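In case you want the letters, here they are:
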Amino acid sequence: HRHMDFPLRLPSHWLSAPKPKGKTPGALRSFVDSVMSYTKMDLRTVELFETPRRTLVISATPLDEDGRLTGAMVVVDDISERRRLEAAVRASEARLAHLLRKAPTVIYTARAERDFAATFYSPTVRELLGWSPEQFLQDAAFWFDHIHPDDRGALVAEWDRLAQGGSLRDQEYRVVNRSGQTRWT
């Protein structure tokens, strides 16, 4: 394949970006110069070039023709939106984790199938019932086995109603905790 001869010129606004975080305009020029000084094909990537509004990942590789350096291929990827979304997800996850640790109740989810096996248990289950979330998640019957025997029939009837398209209703039932005591939930 054929490479085109061209001098590597960066738009002036790349080199005069206002105080980029972590990389200076001179560092960007040094990066490009270092790519152009290579004598073999080798991909180089600058870690990040961050301006107040943009995060750019800049990759470059020298182009040669018959062993002679003729230019460089430079790829600029604007990952600003991805970085913003990653930060929003981290903040949301931190808020959710805080709520799950501090809620004075056990929050859980279960499959909408006959066994209603648990898919998530909040960490508060350890404090309130003495069992770890993992114990509930590893054994589909663990939760049901710890419901007071007198309350199991009503729960099974409610599950059947849900399976037939009924809506979720509040339920109160007793659970036997790790020390053998009965607690209402």
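Criteria and thresholds
- Residues numbered from 1 in each chain as written.
- Predicted model: local features only at pLDDT ≥ 70, side-chain atom pairs only at ≥ 80, totals over all residues.
- Heavy atoms only, no water.
- Helix = DSSP H or I, 4+ residues; strand = E, 2+ residues; numbered from the N terminus.
- Buried < 20%, exposed > 50% of the residue type's maximum accessible area, 1.4 Å probe, protein only.
- Contact = heavy atoms within 4.5 Å.
- Areas by Shrake-Rupley, 256 points an atom, 1.4 Å probe, with all protein chains shown as cover.
- Salt bridge = Lys/Arg side-chain N within 4 Å of Asp/Glu carboxyl O.
- 1 Å grid on protein atoms, 1.4 Å probe; cavity = no way out; pocket = protein on both sides within 12 Å on 5 of 7 lines; lining within 4 Å.
- Points joined across faces, edges and corners; volume = space filled by probe spheres on them.
- Nonpolar A, V, L, I, M, F, W, Y, C, P; charged D, E, K, R; others polar.
- Phe/Tyr/Trp six-rings, centres within 6.5 Å; stacked < 30°, edge-to-face > 60°.
- pLDDT = per-residue confidence, 0-100.

**Q** Which parts of the structure should I look at to understand the overall build of the chain?
**A** Secondary structure summary: the chain contains seven helices and seven strands in total. Taken from the N to the C terminus, the helices and strands of the chain come in the order α-α-β-β-β-α-β-β-α-α-α-α-β-β. Expressed as a percentage of its 185 residues, the buried residues of the chain come to 30%. Across the chain, the fraction of contacts at a sequence separation of at least 24, relative to all contacts at a separation of at least 6, is 33%. Of the roughly 12600 Å² that the chain leaves accessible, carbon and sulfur atoms contribute 53%.

**Q** Any chance you could explain the pattern of salt bridges here in plain terms?
**A** Working definition: two side chains of opposite charge can pair if their charged atoms are close together. According to the stated counting rule, one finds six salt bridges in the structure shown. Here E81 and R84 are joined by a salt bridge, their closest N and O atoms 2.6 Å apart. You can see E81 and its partner R84 sitting in helix α3 (residues 80–102), three residues apart, about one turn around the helix. A salt bridge links R161 to E158; the nearest nitrogen and oxygen atoms lie 2.6 Å apart. Highlighted residues: R161 and E158, both in helix α7 (residues 149–163), separated by three residues, approximately one helical turn. A relative accessible area of 24% means that R161 is categorised as partly exposed. Residue E158 is classed as buried on the basis of its relative accessible area, which comes to 7%.

**Q** Please explain the layout of surface pockets as it appears in this structure.
**A** Over the atoms, a rolling probe the size of a water molecule traces out where space has been left empty. As a volume, the largest pocket reaches approximately 760 Å³. For the lining of the largest pocket, the secondary-structure elements that each account for two or more residues are β4 (108–110), β5 (118–121), α4 (124–129), α7 and β7 (182–184). Here the lining of the largest pocket gets four residues from one element, more than from any other, and that element is α7. Class assignment of the residues belonging to the lining of the largest pocket gives a composition of 21 nonpolar, four polar and four charged.

**Q** Looking at this model, I keep getting lost on the packing of aromatic side chains. Mind explaining?
**A** The geometry of an aromatic ring pair is captured by two quantities: the separation of the ring centres and the angle between the planes. For the coordinates displayed, the defined rule picks out eight aromatic pairs. Relative to W159, the ring of W143 has its centre 5.4 Å away and its plane inclined at 35 degrees; by these criteria the two rings are tilted. Within this pair, whereas W143 is found in helix α6 (residues 142–145), its partner W159 is found in helix α7, the two being separated by 16 residues in sequence. The exposure classification of W143 matches that of W159, with both residues buried. When the centroid spacing of 5.8 Å and the interplanar angle of 85 degrees are considered together, the rings of W143 and Y173 count as edge-to-face. One end of the pair, W143, is in helix α6; the other, Y173, is in the loop between α7 and β6 (174–176), with 30 residues separating them in the sequence. By relative accessible area, W143 is classed as buried at 12%. Look at Y173 and you get buried, because its relative accessible area is 7%. Ring-pair connections join several aromatic residues into one group, and the members of that group are Y108, Y121, W131, F136, F142, W143, F144, W159 and Y173.

**Q** What is the right way to look at the environment of P123 in this model?
**A** Among the secondary structure elements, P123 is positioned in the loop between β5 and α4. It is 9.6 Å that separates the C-alpha atoms of P123 and E134, two residues lying eleven residues apart in sequence. Those residues in contact with P123 that lie beyond four places of it in its chain are L100, R101 and P133.

**Q** Teacher, can you tell me more about the confidence of the model for the chain here?
**A** The share of residues in the chain with pLDDT of 70 or more is 66%, and the mean pLDDT across the chain is 76. Overall, residues 1–21 carries pLDDT values under 50, and its contacts beyond four positions in sequence, including any with other chains, amount to 36 contacts.

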